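Letter by letter, the chains look like this.
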Amino acid sequence: MNAPDTLDELVAAAQASFAQALTPADLENAKAQFLGKSGKVTELMKGMAALSVEEKKSRGAAINLAKQAIEAALNDRRQALANAELERQLKAEALDVSLPGRQRTPGGLHPVSLTLERIEAIFGSMGFEVAQGPEIETDWFNFTALNTPEDHPARSMHDTFYVEGGTEAAPNLLRTHTSPMQIRHAVQHVKKHRALIDAGDKGEGAFTGSMPEIRVIAPGRTYRVDSDATHSPMFHQCEGLWIGENVSFKDLKFVFTNFCRTFFETDDLVLRFRPSFFPFTEPSAEIDIQFQTGPLAGRWLEVAGSGQVHPNVVRNMGLNPEKYIGFAFGMGPDRLTMLRYGVNDLRLFFDGDIRFLQQFQS
Ligand code: PHE
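Small disclaimer: the values here were computed from a predicted structure and weren't measured. (Residues numbered from 1 in each chain as written. Predicted model: local features only at pLDDT ≥ 70, side-chain atom pairs only at ≥ 80, totals over all residues. Heavy atoms only, no water.)

A word on the nonpolar core. Residues Ile119, Phe123, Phe256, Phe259, Ile289 and Met331 are the most contacted members of the largest nonpolar core, which totals 41 residues. At six residues, the largest contribution of residues to this core is made by helix α9 (residues 249-263). If we ignore the near neighbours within four places in the chain, the residues touching Ile289 are Cys260, Phe264, Leu269, Val270, Leu271, Arg299, Trp300, Leu301, Val303 and Leu339. (Core = buried A, V, L, I, M, F, W, Y, C linked by side-chain atoms within 4.5 Å. Buried < 20%, exposed > 50% of the residue type's maximum accessible area, 1.4 Å probe, protein only. Helix = DSSP H or I, 4+ residues; strand = E, 2+ residues; numbered from the N terminus. Contact = heavy atoms within 4.5 Å.)

Scanning the model with the defined rule gives 18 aromatic pairs in all. Look at Phe349 and Phe350: their rings are 6.3 Å apart centre to centre, the planes differ by 70 degrees, and that puts the pair in the edge-to-face class. Connected via pairs of aromatic rings, a cluster forms that spans Phe123, Phe128, Trp242, Phe256, Phe259, Phe263, Phe264, Phe291, Phe327 and Phe329. Looking at Arg118, its charged tip hangs above the ring of Phe263, at a distance of 5.1 Å from the centre. (Phe/Tyr/Trp six-rings, centres within 6.5 Å; stacked < 30°, edge-to-face > 60°. Lys NZ or Arg CZ within 6 Å of the ring centre and 35° of its normal.)

Another aspect to go through is the pairing of strand β8 (residues 281-291). For a regular strand, side-chain orientation follows a simple rule: the groups alternate between the two sheet faces. The element β8 is extensively covered by neighbouring structure, given that nine of its eleven residues are classed as buried. Relative to β8, strand β7 (residues 269-278) runs antiparallel, the two being bridged by nine bridges. If you follow Leu271 over to β8, its bridge partner there is Ile289. The hairpin formed by β7 and β8 contains two residues between the paired strands. (Pairing = 2+ DSSP bridges.)

Let us now look at the sheet that holds strand β2 (residues 136-138). Overall, antiparallel pairing links the three strands, which are arranged β2-β4-β3 in an open sheet. Of all strands in the sheet, those bounded by a partner on one side alone are β2 and β3 (162-166). Taking the axes of each pair of neighbouring strands and ignoring which way they run, one obtains an average angle of 40 degrees across the sheet. Both β2 and strand β4 (residues 171-174) contribute to a ladder of three bridges, which runs antiparallel. Its bridge partner being in β4, Thr138 is matched across the sheet by Asn172. (Axes fitted to C-alpha atoms, helices over the stretch in contact; angles between N-to-C directions.)

So, on to the site of the ligand. Close to the ligand lie 14 residues, the nearest being His177, Ser179, Arg224, Gln237 and Gly330. Between the ligand and Arg224, the relevant distance is 3.0 Å, taken from an oxygen atom to a side-chain nitrogen or oxygen of the residue. Protein chains bury 92% of the 330 Å² of accessible surface belonging to the ligand in isolation. Those elements giving two or more residues to the shell around the ligand turn out to be β6 (234-244), β9 (301-309) and β10 (325-331). (Near = heavy atom within 4 Å. Polar contact = N/O pair within 3.5 Å; in protein donor to acceptor, adjacent residues only side chain to side chain. Areas by Shrake-Rupley, 256 points an atom, 1.4 Å probe, with all protein chains shown as cover.)

The next thing to look at is the sheet that holds strand β5 (residues 214-223). Sheet architecture is open: seven strands sit in the order β1-β5-β6-β10-β9-β8-β7, paired in mixed fashion. Looking at which strands have only one partner, the edges of the open sheet turn out to be β1 (129-130) and β7. Sheet topology note: the β6/β10 ladder contains seven bridges and is antiparallel. Its bridge partner being in β10, Leu241 is matched across the sheet by Ala328.

Before going further, it helps to examine the side chain of Thr148. Topologically, Thr148 is positioned in the loop between α6 (139-142) and β3. A residue is classified by how much of its surface remains accessible, and Thr148, at 4% relative accessible area, is buried. Among the polar contacts made by the side chain of Thr148, one reaches the main-chain carbonyl oxygen of Leu146 at a distance of 3.0 Å.

What follows is about the pattern of salt bridges. One pass over the structure, following the stated rule, counts 14 salt bridges. For Arg272, the salt bridge goes to Asp288, with nearest N and O atoms at 2.9 Å. With Arg272 in strand β7 and Asp288 in strand β8, this pair connects stretches of sequence that are 16 residues apart. The network of salt bridges with common partners includes Arg272, Arg274, Asp288 and Glu302. (Salt bridge = Lys/Arg side-chain N within 4 Å of Asp/Glu carboxyl O.)

Glancing now at the pairing of β9. In terms of burial, β9 is largely enclosed, as seven of its nine residues are buried. In this structure, β8 lies alongside β9, joined through seven bridges in antiparallel fashion. Across the sheet, Ala285 pairs through a bridge with Ser306, a residue of β9. Bridge analysis of β9 against β10 gives five bridges, and the strand direction is antiparallel. The partner of Ser306 across the bridge, within β10, is Phe329.

This part is about the packing of helix α5 (residues 111-125) against helix α11 (residues 333-341). Between α5 and α11, the least distance of the axes is 9 Å, while the angle of their chain directions is 100 degrees. The orientation of α5 with respect to α11, classified from their angle, is roughly perpendicular. Only Pro333, Asp334, Leu336, Thr337, Arg340 and Tyr341 of α11 make contact with α5, whose side of the interface consists of Pro111, Val112, Leu114, Thr115, Leu116, Arg118 and Ile119. (Parallel < 35°, antiparallel > 145°, perpendicular 65-115°, else oblique.)

Scope: geometric values only; no functional claims are made or implied.
Below, the structure is given as structure tokens:
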């Protein structure tokens, strides 16, 4: 038979056991030893079966008191562990209110974007509109319509990224230059002004309307399989196209010289048109510039390809090459940005290093 002081000892043992539990799981294990199905308190209850009714009354009451004391100890310990956990979390996530705040400095445009804005503004002032086109192109717009049929050696000048979609005969690709925009834009323009063009073509006697000139630039991303300090697999180009009834190389020289002098903010700059080859222009020229003063003085720097638009290309625009003539050029805004700011590695533009980019914020 258990004496009352044995119940006190049991309560004390439970309290000690709970105090040793350092985690909620430990505590639940400890609880099971006292209050569980085969725990010590439950055993005591079972032990009462043989007692008389009177004894059961007093013994039962005593055991119940002990049980309540153990439950109270359990709850105290549960609360203590929960408080400790909360305390630990608060410490771990402590806010140091004395730390300086994180600043958000104002963002700014990427140096190449600054260049594209300048290009658009300068050509805009000369009456050029701005056209945008897709970076995933078809073989037709990127090559064939530009007088570059399959098996033409000029196709190997480009290391082309081919992409899914399209057919084997007409594959899709990432445009290797912005020249497909010559065709895309001209075709739209011609569609819009078809009636005027037809009227103009009827000639004598009839109403001779004439098509407004095509004067457009098309800046954007271009892609080639190429990567070093001066080549990136993704780079920018800006196409220029001017087509009318009386547009000549002289106009190209004027427009491009004016552009370069305005872009670089100096008249101390000369241009050289160096004979070259492109399938879509004839004759063709590379445009080199030379600064007369400053750190780059005296060096010829290539900035664009250009030429008189080839009659086959004019035809693919939906125009009669006997009547319509003009020029096109394709320049590299990345290169222009490097020259303007004295940047010597193209890859800096695409690394996303904030220390580099911040230098262009005004
Ligand atoms: N598309 C040519 C290139 O990427 C540049 C160019 C454009 C040349 C227009 C002539 C006329 O090299």
